[in-house]
Every structure is written in structure tokens, then in C-alpha cells.
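Overview (structure and organization)
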Amino acid sequence: MSKKHTRREVLGHAARGTALAGLGGLTGLLWMKANATFAWSINAQRCINSRLGAVGVEVCERCATECVLSLSAVRAVNEFKACGRCYICPAYFQITSAVGSDGLPTEKVCPRDAIKREAIGWIDPDDPANNFYEYTIDETLCNGCGRCVLECKEPAGLGSIRLEVRHDTCLDCNRCAIAQACPEDAFDRPEPT
Amino acid sequence: MEYRLAQRFGGRGFAPHQFRQALRGVAVDGGGRLHAVGDSVVKVFDPDGTLLRQWATGQPGESAAVDDEGRVWVGQDGQVEIFSPEGERVDSRRDPGRLGLVTAVGFGGGDVFLADATARWVRRYGSDGSLLNNIGDQHRKGGFHIPNGVVDFAVDDGGVLHVANPGMHRVERYSPDGTLLGRFGRFDGQDPAGFPGCCNPTNLTVDDQGRVIVSEKAGPRVKVYDPDGELLTVVAAGVFDPGAKNMDLAVDAHGRLYVADTATLEICAFEPTGREATA
């Protein structure tokens, strides 16, 4: 014969169960917080170098200059599928510099010569404008200064180059020097959801 | 020769004479009326910029042209809609599986030329709608190099096609059968006679004197070349929004030039000044 529970007992069990469940949830949340990976990242829609509509602005190089590492953990990345593979890339060449005898601009954008330009496909040796070119960023040289990102931005380019944090080198500082210096609040560390 | 900015009209907004999101193409008819295509609408303006009428298109319009009968051809994705001068839809052209984004329309010798930005060619169709040949498909790059996503061309009075090939910083001339007849242009970021940036000119038109009028992006400007490719004048620089690109052009019989500012959605009208204007 089953024992009959009083109304008081039922309510007590329910209250204890609810409290236990809440305590378990809180413990789990605290455990997740304690073990979560917070990763610094760059919001391209905020970064002045990549934000659409910010035309004619000066380059912001704080990602290169403010990182505590000798070579910043930020790198430029060229998304090939969005790249126009142009003969004259405004992120590679200083397109307002004088034109040399080869018909190309005489100066480059990257101060560290980190971008490599190579004709790809079936190459026309007689007409260099008749080739596609691949632009690859040497991450051992790039310091994330963002100049190429700014020059690649629409409408001058196609916006295929962006800045990314390299997490294998980023120290994940709690008070990231770049984030503190970023004038656009584009360098942030969103909490995991 | 010189030009002066005579008028701006259109613009971004919700008024009847404005465009909400996009202004893609402009064309003039025999009466000097301007047909502007944007959003999913054709707006017809008189030369003073007064809206005369407007009508909806089936898809967002990418380009516009007016034929000798006054019919308005609107290039779209995969098709062209044809409207009477009053805006009644009278016909359409499709080429399923072949025709892509139509970013320019032109006429010559009874044929219709459609710029197919998906294929990066110009397609030539006969009066019965059959495909006769492609122009630019023999290019080593597989077509015109258009990082901007637009193929633009114009047919001159002699039936020669002038096509912008911005990735190669050139204007190329073709016969209707696709034979390359000549070209002009070179890269130069300092000398205005050259084409700057990664990919210019983006758009062009040809006036009744055979002069080639081009638009460029970053920074946006408009220039006029003689038929041999010699720079005649810079029509305008610093007039357009710095973010404008793929600015379509149209010129009427009096040399009045219309430029579509794709950022402000304004149509800028320029009038030629000086003796050479109608030379």
C-alpha cells in the first residue's frame, strides 16, 4: 500500500528539486565560464581599414604597432575566391606611383614586401595584362598593418583581403593592447554563447 | 572641349523621381528623354530632369537601351524585358542555360547585342532571337576581365562595338562577328590619359562623332577620348560620390551626357561647351 504524501511534503520535495537543479545549472555555467576559450578577433564591419563606406580614410596600423609581440599576432589574409586576380592590384602596387618601363607602378603598398605576385594559368609572355595573377601573403613577413586591406576595399578593390588574429601566436592577454588602442572598438573578445 | 555640370536629378529616396536602393543603367531615346533603370523600375525623365512616367520591371534592371522604334529594353538576370515607349511590356528575350546577367544592351545591323556579365562576353542575337555569335569569348582570359562584375559596350554609327575591358585597362573594338579591330588604353595612375586602379574603365558610351566616353571608379570620373583613343578631356572628377562605381553613361544627339552615380543614385547631366562640342 503506497504511502500518502501530505501537501506539505510534496511542496517540500518540489522546492528541493528545483533548488538542486538550479544549483547544478549554476555550477555548469561557472564551469563553462572557467574553461571557456575567449578568442580575440577583428570585426571587419567596424575596422576602419575594411569597413565599407569609409572611403578616403587614413590607414589604421594599430594592429601592427600595439601588439605586445615583436611581430603582431594579426595577419592579412587574401580570400582567393573573392580576389579579382588583377594585373594591377591596388593592394599590391602603389597605384598612384610613377609607371615604370614595364608599364607597372614602380612602388608597392606593403612596407615589408609580404605580398607575392605570380601569374597563374596559361601565361601570355608577350602581354602581361593578358594574365591572371595570384596574390599570396607571406605570414612570416606580414605584421597586420592593414595597408593592403584598406587598398583592397571597395570600390578600389573587391575587399578580398581582411585582417585576422592568428591564435597560434596570440597570447590571449586579458587586457589586449590592440583592443585598448583600437579607435573603432573593432578588436574584441566576444564571450562564447 | 569642355563640359559643365548642368543638372542633378533622381537621388536616393522614396519620392516618385527617386530610387530606393539602386540605379544601374541609363539610356536616351530619339526625343532626348532619359530612361533610368534601377530597383525594379524604369523612370523616364525629360532633359530637365522632370519625371514623365515610370513603370515596374519583372526583375531588378541592370541595364537599359532604347531601339529605333522607341522600345525600351531592360537587361536583367537571365532575360531582357522589352517595353513600349509608354511602358507596356511587349516582349522579352531569354536564352535559358546560356544568357546570364545582362549589363548592357545595344543594337546594330538589325541584330541585338547583350553584354553577358556571367559569361564575360557580349552575345549577338539575330532579329529572330537566335544566337549568332559571341564577342570576347576568344579572349585568352576566357572573356573580358571584369572584377567589377559588369560588361559594358556601345555600338557606334558604323556598327563597331566598343567594349570596356577594365582588368586590362583597355577599350577594345570589335566587328559584329567578334573580330578584334583595335584597342586603346593603358594603366596609369598619374596621367589621366591612362586608366587607373585595378580595373578601369568600368563603363562607356559612344557619341555620334565616334568619341568614346568612359567612366572610372576609385576615384570616380568621366573622360572623353577621340576615335583613335587620344584623351580629349576629363569631363568630371570630384563630382561623384567617392564610393560610386560602374557608373553607366548615356549621350544624346546634342552631346548632353548623363552619368548615373551609383552611390547617391543621382543622375548627373553634363552639357558640352565651346566650339569643339559639336565638331
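Residues numbered from 1 in each chain as written. Chains lettered and ligands numbered in written order. Predicted model: local features only at pLDDT ≥ 70, side-chain atom pairs only at ≥ 80, totals over all residues.

1. Describing the overall build of chain A
Within chain A, the regular secondary structure consists of 4 helices and 6 strands. Ordered by position from N to C terminus, the α and β elements of chain A give α-β-α-β-β-β-α-β-α-β. The C-alpha atoms of chain A give 26 Å as radius of gyration, which overshoots the globular expectation for 193 residues (16 Å, by more than 25%). Referenced to the eigenvectors of the C-alpha coordinate spread, the extents of chain A come out at roughly 100 × 35 × 30 Å. Every one of the 193 residues in chain A was classed for burial, and the buried ones make up 32%. Put simply, 68% of the contacts in chain A that link residues at least 6 apart link residues at least 24 apart. (Helix = DSSP H or I, 4+ residues; strand = E, 2+ residues; numbered from the N terminus. Rg over C-alpha atoms; globule rule 2.2 N^0.38 Å. Buried ≥ 20, exposed ≤ 12 C-beta atoms within 10 Å, placed from the backbone. Contact = placed C-beta atoms within 7 Å.)

2. Some thoughts on unusual backbone geometry
For the peptide bond that leads from E154(A) to P155(A), omega is 5°, which places it in the cis range. Note that P155(A) resides in the loop between helix 3 (147-152) and strand 5 (161-165). Note the cis peptide between N200(B) and P201(B), where omega equals -5°. Tracing the sequence through the fold places P201(B) in the loop between strand 17 (180-184) and strand 18 (203-206). Its identity is not glycine, yet H169(B) carries a phi of approximately 55°, on the positive side. Along the chain, the position of H169(B) falls in the loop between strand 15 (161-165) and strand 16 (170-174). We note that N246(B) has phi near 55°; this positive angle belongs to a residue other than glycine. C-beta crowding within 10 Å serves as the criterion here: with 22 such atoms nearby, N246(B) is assigned to the buried category.

3. What to know about the interface of chain B and chain A
Interfaces are frequently sized by the accessible area removed from exposure as the parts join. Counting residues at the interface gives 20 residues for chain B, matched by 24 residues for chain A. Residue composition of the side of chain B that touches chain A, grouped by class: 8 nonpolar, 6 polar and 6 charged. (Nonpolar A, V, L, I, M, F, W, Y, C, P; charged D, E, K, R; others polar.)

4. Considerations on the domain arrangement of chain A
Here chain A is partitioned into domain 1 (1-35) and domain 2 (39-193). The C-alpha centroid of domain 2 of chain A is placed 54 Å from the C-alpha centroid of domain 1 of chain A. (Domains from an automatic or database assignment.)

5. Here we look at the environment of R33(B)
All names here are of chain B. Within the element layout of this structure, R33 appears in the loop between strand 2 (25-28) and strand 3 (34-38). For R33, a count of 18 C-beta atoms within 10 Å puts it in the partly exposed group. Along the backbone, R33 and D252 are 219 residues apart, and their C-alpha atoms lie at a distance of 8.6 Å. Once residues lying within four places of it in the same chain are set aside, the contact partners of R33 are V28, V44, F45, D46 and L52.

6. Details of the pairing of strand 12 (residues 121-125) of chain B
All names here are of chain B. Of all 5 residues in strand 12, 4 are buried; the element is thus mostly enclosed. Bridging between strand 11 (residues 111-116) and strand 12 involves 5 bridges; their strand directions are antiparallel. Pairing of L114 across the sheet is with R123, part of strand 12. The hairpin formed by strand 11 and strand 12 contains 4 residues between the paired strands, and R120 there has a positive phi angle of roughly 70°. Sheet topology places strand 12 next to strand 13 (residues 131-135); 4 bridges connect them, and they run antiparallel. Its bridge partner being in strand 13, Y125 is matched across the sheet by L131. Count of turn residues in the strand 12/strand 13 antiparallel hairpin: 5 residues, of which G129 carries a positive phi of about 90°. (Pairing = 2+ DSSP bridges.)

7. Quick look at the confidence of the model for chain B
When pLDDT is averaged along chain B, the result is 96, and 98% of the positions lie at 70 or above. Across the interfaces of the predicted complex, the ipTM metric reaches 0.91, alongside a pTM of 0.89. (pLDDT = per-residue confidence, 0-100.)

8. What to know about the environment of G126(B)
Residue and element names in this part refer to chain B. Counting through the fold element by element, G126 comes out in the loop between strand 12 and strand 13. For the pair G126 and G109, spaced 17 residues apart in sequence, the C-alpha to C-alpha distance is 9.3 Å. Those residues in contact with G126 that lie beyond four places of it in its chain are D111 and L132.

9. Here's the deal with the environment of E2(B)
Residues and elements named next belong to chain B. Inspection of the secondary structure assignment puts E2 in strand 1 (residues 2-10). Here E2 falls in the partly exposed class, since 15 other C-beta atoms lie within 10 Å of it. Between the C-alpha atoms of E2 and F270, which are 268 residues apart in sequence, the distance is 9.6 Å. Setting aside residues no more than four positions away along its own chain, E2 makes contact with T233, T273 and G274.

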